[in-house]
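Commentary on secondary and tertiary structure
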There are 4 protein chains.
Amino acid sequence: MLSPSAGSDMQQCIDDCLACYRTCMQSAMNRCLEAGGRHVAPEHFRLMMNCAEICRTAADFMMSSSPLHARICAACADVCEACGDSCEQLGDMDDCVEACRRCTRSCQQMAGDRMGMPFSGKGAQPGAAAGPM
Amino acid sequence: MLSPSAGSDMQQCIDDCLACYRTCMQSAMNRCLEAGGRHVAPEHFRLMMNCAEICRTAADFMMSSSPLHARICAACADVCEACGDSCEQLGDMDDCVEACRRCTRSCQQMAGDRMGMPFSGKGAQPGAAAGPM
Amino acid sequence: MLSPSAGSDMQQCIDDCLACYRTCMQSAMNRCLEAGGRHVAPEHFRLMMNCAEICRTAADFMMSSSPLHARICAACADVCEACGDSCEQLGDMDDCVEACRRCTRSCQQMAGDRMGMPFSGKGAQPGAAAGPM
Amino acid sequence: MLSPSAGSDMQQCIDDCLACYRTCMQSAMNRCLEAGGRHVAPEHFRLMMNCAEICRTAADFMMSSSPLHARICAACADVCEACGDSCEQLGDMDDCVEACRRCTRSCQQMAGDRMGMPFSGKGAQPGAAAGPM
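What counts, and at which threshold
- Residues numbered from 1 in each chain as written.
- Chains lettered and ligands numbered in written order.
- Predicted model: local features only at pLDDT ≥ 70, side-chain atom pairs only at ≥ 80, totals over all residues.
- Heavy atoms only, no water.
- Helix = DSSP H or I, 4+ residues; strand = E, 2+ residues; numbered from the N terminus.
- Buried < 20%, exposed > 50% of the residue type's maximum accessible area, 1.4 Å probe, protein only.
- Areas by Shrake-Rupley, 256 points an atom, 1.4 Å probe, with all protein chains shown as cover.
- Phe/Tyr/Trp six-rings, centres within 6.5 Å; stacked < 30°, edge-to-face > 60°.
- Expected span 1.5 Å × (residues − 1).
- Polar contact = N/O pair within 3.5 Å; in protein donor to acceptor, adjacent residues only side chain to side chain.
- Disulfide = S-S within 2.5 Å.
- Core = buried A, V, L, I, M, F, W, Y, C linked by side-chain atoms within 4.5 Å.
- Contact = heavy atoms within 4.5 Å.
- pLDDT = per-residue confidence, 0-100.
- Axes fitted to C-alpha atoms, helices over the stretch in contact; angles between N-to-C directions.
- Parallel < 35°, antiparallel > 145°, perpendicular 65-115°, else oblique.
- Left-handed = near helix turned anticlockwise from the far one by under 90°.
- Nonpolar A, V, L, I, M, F, W, Y, C, P; charged D, E, K, R; others polar.
- Salt bridge = Lys/Arg side-chain N within 4 Å of Asp/Glu carboxyl O.

Quick look at the overall build of chain A now. The helix and strand inventory of chain A stands at four helices and zero strands. Within the span of chain A, comprising 133 residues, buried residues form 67% of the whole. Accessible surface, chain A: about 4400 Å² in total, of which carbon and sulfur atoms supply 52%.

Set out below in structure tokens:
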């Protein structure tokens, strides 16, 4: 679904963040709520919703070519890691675990690449604006 | 990018909404801001941001299997249509026009399908929660 | 917390939407999750989250002086009404019921005032941008 | 507008984040777009929108009593500081400067208070869920 110009690491990280947002949101609001019990324990359920939220926010920063995106991606990686761990302990949440792990790695890379120059780095590639999802 | 269980019309509409959210957000915050002039005229720019916002909200309602999603999809279709028209008049915004048109149709269908039973319809298919983006 | 210029009906509706967003979000993620049982029944919990989401989106449309805000406010009023009813039936959710009822009325008024001219009406008052919350 | 139980530092920080979200969003989408010129320079305008976004996300984490909120508040403080500086240099943005400065301090305090125990700290006070805005 990427345009030819959108082959960069950042477009991939946006993909991973939006996929993790969707997987966590759909899982929390469907599987977890319908299963009940430990799936709606406050600690787990909050983490699912917080993970969905920060993934979307990190995507937003990258979509707008924010020079501050590395800061948000670093925070996003931490939340995704915690959410992936919580899903793994709960069991039967394989797609969430996978989405969280992939997003953690992607955001860690994005945070590290830009870490030394958070205010001077340019965001999305020229032409990236043309890239549909 | 759909899981086997996510073949429904609703999963397709979520795809279309998230694609339109991303295209409008990236175009507004990159191409429009960098081009300036008519691309940042208040009427046009607001419509781009409003379209991104309501597309994401419509996706959210569908992702959470809300029985009220038809109401939001109907509003989303109107905003997407207005945004597509504005992008077409402006020119050089083909990907936005296309994303808005596709999302308009998808949301109109979703609104119509459920229109007669906004409070009783069930949302996403069972298993849809497993669907990564 | 309103600036002198923010006395309009629209600024009041933004206030009511953001208050309802906050009350529903905090109640769902704290009281409901901690109480469990009927408070996390999928129908109720989804409505709480959907209400928080559409209230924030309606506020967003009004904050950006969108001429399409009436459309979103109309949808928001319906969701708030359904959420208020659900909270009332559940009991012990007085602050949510009150916030939903107030936001329903405010959004209905905003939808009605603009209904006849959704594309031509001007949004927030001049100077409203200066209004902190 | 705070309930008796909502007197904590965290409720104050939620107030400051939501006020900064609103001020930045309204200013960007009204004053900046209508003024044009340097007010819609990509660097400035993106910062306004990014600041609105991360303020809302930080509020969201605190509203849901996330033990990870300190991480997000620290990132939010950095974005608010950059946005406040950009508004100050631009001039005629006093309300934004003030909202950003207040939110920076509030988020720094929240980040610092919890910095040593980001995963074990409890979020909002008991009963805070009852607090309307």
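Let us look at the packing of aromatic side chains. By the definition in use, this model includes two aromatic pairs over all chains. Taking 5.2 Å as the distance between ring centres and 85° as the angle between the ring planes, the aromatic pair formed by Phe45(A) and Phe45(C) counts as edge-to-face. On the criterion of chain membership, the pair formed by Phe45(A) in helix α2 (residues 42-63) and Phe45(C) in helix α2 (residues 42-63) is interchain, its members lying in two chains. A relative accessible area of 0% places Phe45(C) in the buried class.

All names here are of chain C. Compared with an ideal rise of 1.5 Å per residue, which puts 22 residues at 32 Å, α2 spans 31 Å between its outermost C-alpha atoms and is within 8% of the ideal. Here α2 lies mainly inside the structure; 21 of its 22 residues are buried. Immediately downstream of α2, the backbone of Ser 65 shows phi near 55°, a positive value.

So, on to the environment of Ser27(A). All names here are of chain A. With respect to the helices and strands, Ser 27 occurs in helix α1 (residues 9-35). Overall, the relative accessible area of 0% leaves Ser 27 in the buried class. Along the sequence, Ser 27 and Asp 92 sit 65 residues apart, while their C-alpha atoms lie 11 Å from each other. A polar atom in the side chain of Ser 27 sits 2.7 Å from the backbone oxygen of Thr 23.

Attention shifts here to the state of the cysteines. Chemically, a disulfide is nothing more than a covalent bond linking the sulfur atoms of two cysteines. Evaluated as defined, the whole model comprises zero disulfides over all chains. Cys55(A) provides the cysteine sulfur closest to Cys20(A), a residue in no disulfide bond, and the two sulfurs are 3.8 Å apart. On the basis of relative accessibility, which here comes to 0%, the residue Cys20(A) falls in the buried class. Cysteine Cys83(B) remains unbridged, with the sulfur of Cys100(B) as its closest cysteine sulfur at 3.9 Å.

In this structure, Phe45(A), Phe45(B), Phe45(C) and Phe45(D) are the most contacted members of the largest nonpolar core, which totals 196 residues. Contacts of Phe45(D), omitting those with residues within four sequence positions, involve Leu33(B), Phe45(B), Ala28(D), Met29(D), Cys32(D), Leu33(D), His39(D) and Val40(D).

This paragraph deals with the confidence of the model for chain A. Residues and elements named next belong to chain A. Confidence in the prediction of chain A, expressed as mean pLDDT, is 85, and 79% of residues score 70 or more. Summarising per-element confidence for chain A, the mean pLDDT is lowest in helix α4 (residues 94-115) (91) and highest in α2 (98). The low-confidence segment residues 1-7, where pLDDT is below 50, has 15 contacts with residues more than four positions distant or belonging to other chains. As scored by the predictor, the complex reaches a pTM of 0.85 and an ipTM of 0.82.

Right, let's get into the packing of helix α1 (residues 9-35) of chain B against helix α2 (residues 42-63) of chain B. All names here are of chain B. Close contact between α1 and α2 brings their axes to 8 Å; oriented N to C, the two are set at 155°. Between α1 and α2, the angle is such that the two are roughly antiparallel. As α1 packs across α2, the resulting crossing turns out to be left-handed. A class-by-class count of the residues in the contact of α1 with α2 yields 23 nonpolar, two polar and one charged.

The description of two packed helices rests on the angle between their axes and on the distance between the axes. Residues and elements named next belong to chain A. Viewed as axis vectors pointing N to C, α2 and helix α3 (residues 69-90) meet at an angle of 150°, and their least axial separation amounts to 9 Å. Classified by the angle between their axes, α2 and α3 sit roughly antiparallel to one another. The crossing of α2 and α3 is left-handed. Facing α2, whose interface residues are His 44, Leu 47, Met 48, Asn 50, Cys 51, Ile 54, Cys 55, Thr 57, Ala 58, Phe 61 and Met 62, α3 presents His 69, Ile 72, Cys 73, Cys 76, Val 79, Cys 80, Ala 82, Cys 83, Ser 86, Cys 87 and Leu 90. Its residues assigned to classes, the contact of α2 with α3 comprises 17 nonpolar, five polar and no charged.

Looking at the secondary structure, you find Thr57(D) in helix α2 (residues 42-63). Using a relative accessible area of 0% as the deciding quantity, one classes Thr57(D) as buried. Of note is the side chain of Thr57(D), whose polar atom sits 2.7 Å from the side chain of Thr57(A). Within the structure, the side chain of Thr57(D) is placed 3.0 Å from the backbone oxygen of Glu53(D), a separation counted as a polar contact.

So, on to the pattern of salt bridges. This structure, assessed with the given rule, holds 36 salt bridges over all chains. The partner of Arg102(A) in a salt bridge is Glu98(A), and the shortest N-O contact between them spans 3.0 Å. Remark: Glu98(A) and Arg102(A) occur in helix α4; sequence separation between them is four residues, near one turn of the helix. By relative accessible area, Arg102(A) is classed as partly exposed at 38%. Since its relative accessible area comes to 46%, Glu98(A) is described here as partly exposed. Here Asp95(C) and Arg31(C) are joined by a salt bridge, their closest N and O atoms 3.0 Å apart.

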